[in-house]
Amino acid sequence: MTDFTYAMDADGVVTLTWDVKTKSMNVMSTEAFQLLSGMVDRALADPAAKGIILTSGKKDFAGGMDLNVIAAMRAGGAQAIFDGVMGMHHVLRKIELAGMDPKTKKGGKPIVAALPGTALGIGLELPLACHRIIAADNARAKIGLPEILVGIFPGGGGTTRLTRKLGAMMAAPFLLEGKLSDPKAAKAAGLIDEVVAPEDLLARAKEWVLAAKDTDLVKPWDEKGYKMPGGAPYHPAGFMTFVGANAMVGGKTMGVYPAAKELLGAVYEGALVPFDTAIRIEARHFTSLLMNPSSTAMIRSLFINKEALEKGANRPRVTDQTVKKVGIIGAGMMGAGIAYVSANAGIDVVLIDAAQEAADRGKAYSEGLLDKGMQRKKVTAEKKAEVLGRILATTDYAALAGCDLIVEAVFEDPKVKAEVTARVEAVVGDACIFATNTSTLPISSLAKASQRPEQFIGIHFFSPVDKMMLVEIIRGKATGDVAVAKALDYVRQIRKTPIVVNDARFFYANRCIIPYINEGIRMLAEGVEPALVENAAKLVGMPLGPLQLVDETSIDLGVKIAKATKAAMGDAYPDGAVDEVLFWMADQGRIGKKAGAGFYAYDPAGKREGLWEGLEARFPAAKDQPDLASVQHRLLMAQVLEAVRALEESVLTDIREGDVGAILGWGFAPWSGGPFGWLDIIGAARAVEICDSLTETFGPRFTAPKMLRDMAAKGDSFYPQPGAKAA
Ligand code: NAD
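Residues numbered from 1 in each chain as written. Predicted model: local features only at pLDDT ≥ 70, side-chain atom pairs only at ≥ 80, totals over all residues. Heavy atoms only, no water.

Here we take up the site of the ligand. Neighbouring residues of the ligand: 22 residues in total, closest Met334, Asp353, Glu412, Lys417 and Ser439. Here Asp353 contributes a side-chain N or O atom positioned 2.6 Å from an oxygen atom of the ligand. When the ligand sits alone it has 830 Å² of accessible area, and the protein chains cover 77% of it. For the shell around the ligand, the secondary-structure elements that each account for two or more residues are α13 (333-344), α16 (414-427) and β17 (456-461). (Near = heavy atom within 4 Å. Polar contact = N/O pair within 3.5 Å; in protein donor to acceptor, adjacent residues only side chain to side chain. Areas by Shrake-Rupley, 256 points an atom, 1.4 Å probe, with all protein chains shown as cover. Helix = DSSP H or I, 4+ residues; strand = E, 2+ residues; numbered from the N terminus.)

This is how it looks when you write it as structure tokens:
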């Protein structure tokens with residue numbers, strides 16, 4: 001283990017350099033923590049050592065704790081977690097007290113953290129235990145505690161130290177939202193102490209160590225009479241903060257994210273007691289959080305599996321397929337967005353539309369986004385010129401020569417798409433891969449228009465392209481491995497998360513989301529209060545209720561999809577009750593947000609107000625309303641059962657893709673880790689019980705798939721669980 005190295009110079013300043021050789025970014029492991037602890041002991045015990053600089057051998061300081069370690073900790077149970085976390089706290093506290101006399105607070109050795117770049121999670125909690133934090137002036141560096149974003153909270157003392165350093169109110173955005181700052185902003189916020197030119201970093205750190213006085217080493221919370229900035233909970237100002245924060249967090253998280261609750265508990269209870277007790281409280285809340293299946297599920301999907309998919313977990317083993325020049329056909333809403341993300345990733349773009357004005361409008365979309373970026377100081381004038389310089393907007397198909405990937409985003413019409421395919425193939429080279437962005441047409445049938453069906457694939461983006469992180473890659477019947485690898489390499493280049501699915505109606509994401517919308521609409525038709533439907537969805541962690549969602553995606557699109565599906569399915573079409581509502585809404589001209597009128601009412605500026613009052617007259621509320629849980633079961637099962645069926649039918653081939661795709665694609669209750677994560681949390685047996693009861697009341701669409709029934713019978717789970725066998 002060489003994650004840290006120890007070196008003392010002639011002036012007695014010890015430099016501990018963090019450099020995990022097997023990784024491009026430092027991450028902390030249990031063993032590395034022990035190693036660091038031993039080195040701190042050595043420096044504190046060596047009379048020749050005057051102080052310590054803790055720095056990194058890489059361009060960044062650290063990315064955080066190795067989350068695989070945290071996932072593994074849970075296997076040992078609550079006591080093991082608590083002991084492990086307390087072990088870490090002892091090391092951090094040892095650094096903080098640095099050998100000083102507990103009474104006089106004298107005789108400690110100064111320890112300074114010198115951060116060359118990014119410092120996240122434990123990579124900031126460790127510096128927070130040091131006596132001073134100096135960062136290199138590096139605008140690309142990110143400093144902060146992003147734990148909450150993967151379902152945990154800073155459990156390495158960061159919660160307790162930052163609250164005591166900044167006060168609960170000022171620490172809130174960093175702890176509760178995982179806000180990250182560049183070094184200058186971090187200094188302004190009080191997160192770190194000093195920003196210096198990168199070349200001066202170590203010299204300045206040494207200078208500070210050699211000049212530090214005893215009093216420079218004592219943390220405010222270790223001084224007599226310490227008062228928390230902004231007030232502790234029973235101080236009048238603190239009281240307001242805590243009451244407000246509690247309500248705010250409850251409103252934002254709808255009570256479904258245990259991390260936010262545990263974090264608030266640790267902050268509130270910790271604020272009432274001395275530091276060392278507060279740290280124990282933090283460790284208890286952290287343990288309780290890690291024992292909650294939601295945190296395991298979130299870490300698994302939002303970090304471990306998301307990263308695995310981005311790194312090509314399901315990529316066929318063929319040579320590098322990095323895209324150099326992409327041709328985008330159709331410069332409408334989707335094509336324009338795809339052009340932007342591609343050019344932004346350094347790929348040359350040929351953006352084609354039928355008319356030059358349309359192509360130009362498509363390119364202007366990038367300009368608009370870049371201008372917004374400049375206003376927010378995220379984009380420089382050079383960057384803007386560079387990105388726009390990469391986009392050629394034209395009507396001339398000959399410009400596609402030399403493209404190694406085509407993404408087609410023309411009208412959703414098989415005839416138009418077939419024409420475009422033939423025109424493109426006439427000008428591009430033999431090796432070029434052709435991708436369609438269709439959302440509803442089967443890839444295998446569109447591929448019939450291609451001379452090279454093995455090079456024909458679906459790359460399905462979500463709208464708005466620049467914001468949505470998921471890309472669904474669809475393998476048609478004839479699609480070959482090179483095409484899949486090309487699509488995956490392209491998605492990696494544009495820094496999004498891919499899932500690879502097989503060709504079937506609506507692929508994966510839309511297949512699951514449509515039943516969710518439909519279930520909400522069905523309930524409305526049945527006389528369930530629309531407010532109950534919408535709130536039930538949000539209270540179970542869905543970002544939008546089904547009625548709001550259909551307003552956003554537009555009701556006329558729903559009508560179009562319903563008509564096409566009905567034409568394709570004939571008598572087997574199951575959604576007549578839904579269509580009655582959809583078609584009626586469309587007849588009223590209430591086609592959704594874009595028209596300023598849908599299931600919701602909108603003000604003249606397009607801002608959503610409340611549910612539309614006209615709904616009550618057409619769909620009067622029944623006297624007896626269902627309970628919240630049964631509404632939630634219907635809304636969740638509508639999606640989850642589709643996901644299981646997609647797996648059964650081999651549309652999905654990897655549950656990790658099913659879960660990550662659900663969270664990133666349509667915001668499926670992230671606290672649950674995704675549809676399969678949720679089924680594991682409640683257990684297959686309970687899931688079957690819910691299905692049986694829903695089937696009895698609402699019909700066969702809730703019939704438990706055979707796979708789920710078999711799992712229930714055998715006590716299996718989708719992911720390996722402590723004490724259960726994985727399916
Ligand atoms: P859009 O109508 O905004 O854009 C289509 C563009 O294609 C128009 O600019 C049109 O002029 C151009 N076009 C039409 N025929 C052409 C031809 N022969 N040659 C060159 N250009 C031509 O549509 P959109 O919303 O961007 O959708 C495009 C595709 O993406 C569709 O297949 C759609 O199903 C799919 N899609 C849409 C969404 C969405 O949310 N809108 C999401 C995923 C996928």
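This is not the end of the story, as more comes after the structure.
We now examine the nonpolar core. Membership of the largest hydrophobic core comes to 92 residues, with the highest contact counts inside it found for Leu400, Tyr508, Phe599, Phe676 and Phe718. For this core, the leading source of residues is helix α25 (residues 628-648), giving 10 residues. Built from parts of two domains, this core gets at least three residues from each of domain 2 (325-506) and domain 3 (510-618). (Core = buried A, V, L, I, M, F, W, Y, C linked by side-chain atoms within 4.5 Å. Buried < 20%, exposed > 50% of the residue type's maximum accessible area, 1.4 Å probe, protein only. Domains from an automatic or database assignment.)

Let us now look at the sheet that holds strand β9 (residues 143-144). Pairing is mixed in the open sheet, where 3 strands are placed in the order β7-β9-β10. A single partner strand is all that each edge strand has here, and the edge strands are β7 (119-120) and β10 (180-181). Note that β9 and β10 share 2 bridges and pair antiparallel. Residue pairing across strands places Ile143 opposite Ser181, the latter belonging to β10. (Pairing = 2+ DSSP bridges.)

Between Ser463 and the following residue, Pro464, the backbone shows a cis peptide bond with an omega angle of -5°. With respect to the helices, strands and loops of the structure, Pro464 is situated in the loop between β17 and β18 (470-475). Not every positive phi belongs to a glycine, and Ala98 is a case in point at roughly 50°. In this fold, Ala98 is placed in the loop between α3 (77-97) and β6 (111-115).

Time to look at α16. For α16, spanning 14 residues, the distance from its first C-alpha to its last is 21 Å, which sits close to the expected 20 Å at 1.5 Å a residue. The set of residues buried in α16 consists of Lys417, Val420, Thr421, Val424 and Glu425. Buried residues along α16 cover an arc of 130° about the axis, so they all sit on one side. For α16, the exposed residues set more than 90 degrees away from the buried face come down to Lys415, Glu419 and Ala426. (Expected span 1.5 Å × (residues − 1). Arc of directions from axis to C-beta.)

Moving on, we come to the side chain of Asp222. Here Asp222 lies in the loop between α8 (201-211) and α9 (236-253). Overall, Asp222 belongs to the buried group, its relative accessible area being 15%.

Moving on, we get to the pairing of β18. A regular strand places its side chains so that they alternate between the two faces of the sheet. Counting buried positions along β18 gives 5 out of 6 residues, so the element sits mostly inside the fold. For β17 and β18, the ladder comprises 4 bridges, and the chain directions are antiparallel. Bridged to Phe461 within β18 is Val471. The pairing of β18 with strand β19 (residues 497-502) spans 6 bridges and is parallel. Within β19, the position partnered with Ile474 by the bridge is Val501. On the question of chirality, the crossover connecting β18 to the parallel β19 by way of helix α18 (residues 481-493) is right-handed. (Right-handed = clockwise from strand over helix to strand, strands pointing away.)

With that settled, the discussion passes to the environment of Ser439. As for its position among the elements, Ser439 is in the loop between β16 (433-436) and α17 (443-446). For Ser439, a relative accessible area of 26% puts it in the partly exposed group. In the structure, Ser439 is positioned 44 residues away from Ala483 in sequence and 19 Å away in space, judged by C-alpha atoms. Other than its neighbours up to four places away in sequence, Ser439 contacts Glu412, His460, Phe506, Phe507 and Asn510. (Contact = heavy atoms within 4.5 Å.)

It is worth spelling out the UniProt feature "domain: 3-hydroxyacyl-CoA dehydrogenase NAD binding" (unreviewed entry) in the chain at this point. The UniProt feature table records "domain: 3-hydroxyacyl-CoA dehydrogenase NAD binding" (unreviewed entry) at residues 325-503. Segment residues 325-503 splits into 40% helix and 22% strand. End C-alpha atoms: 26 Å apart. (UniProt positions renumbered as here; feature names shortened; annotations may be inferred.)

This brings us to the environment of Val14. Following the sequence through the fold, Val14 ends up in strand β2 (residues 13-18). Along the sequence, Val14 and Ile443 sit 429 residues apart, while their C-alpha atoms lie 62 Å from each other. Those residues in contact with Val14 that lie beyond four places of it in its chain are Tyr6, Ala7, Met8, Ala43, Ala49, Gly51, Ile52 and Ile53.

As recorded in UniProt, the feature "domain: 3-hydroxyacyl-CoA dehydrogenase C-terminal" (unreviewed entry) lies at residues 507-602. Spanning residues 507-602, this segment combines 66% helix with 3% strand, and its end C-alpha atoms are found 32 Å apart.

The tally for this structure, following the rule as stated, stands at 45 salt bridges. Of the charged contacts in the structure, one is a salt bridge between Lys23 and Asp66, with a shortest N-O distance of 4.0 Å. With Lys23 in the loop between β2 and β3 (27-28) and Asp66 in the loop between β5 (64-65) and α2 (67-73), this residue pair connects regions lying 43 residues apart in the sequence. Between Glu194 and Arg204 there is a salt bridge; the shortest N-O distance is 2.4 Å. Placement of the pair is Glu194 in strand β11 (residues 194-196) and Arg204 in helix α8, with a sequence separation of 10 residues. Overall, Glu194 belongs to the buried group, its relative accessible area being 12%. Here the salt bridges do not stand alone but share partners, grouping Arg93, Glu96, Arg161, Lys219, Asp222 and Asp276 into one network. (Salt bridge = Lys/Arg side-chain N within 4 Å of Asp/Glu carboxyl O.)

What follows concerns a positive patch on the surface. A grouping of Arg140, Lys142, Lys372, Arg376, Lys378 and Lys467 is seen on the molecular surface, where their side chains present a positively charged patch. Its location among the elements puts Arg376 in the loop between α14 (356-375) and α15 (381-389). Of the residues examined, Arg376 reaches a relative accessible area of 57% and is grouped as exposed. (Patch = residues over 30% accessible without salt bridge, like charges linked within 9 Å, V, L, I, M, F, W, Y side chains within 5 Å. Lys, Arg positive; Asp, Glu negative; His and termini not counted. Charge placed at Lys NZ, Arg CZ, Asp CG, Glu CD.)

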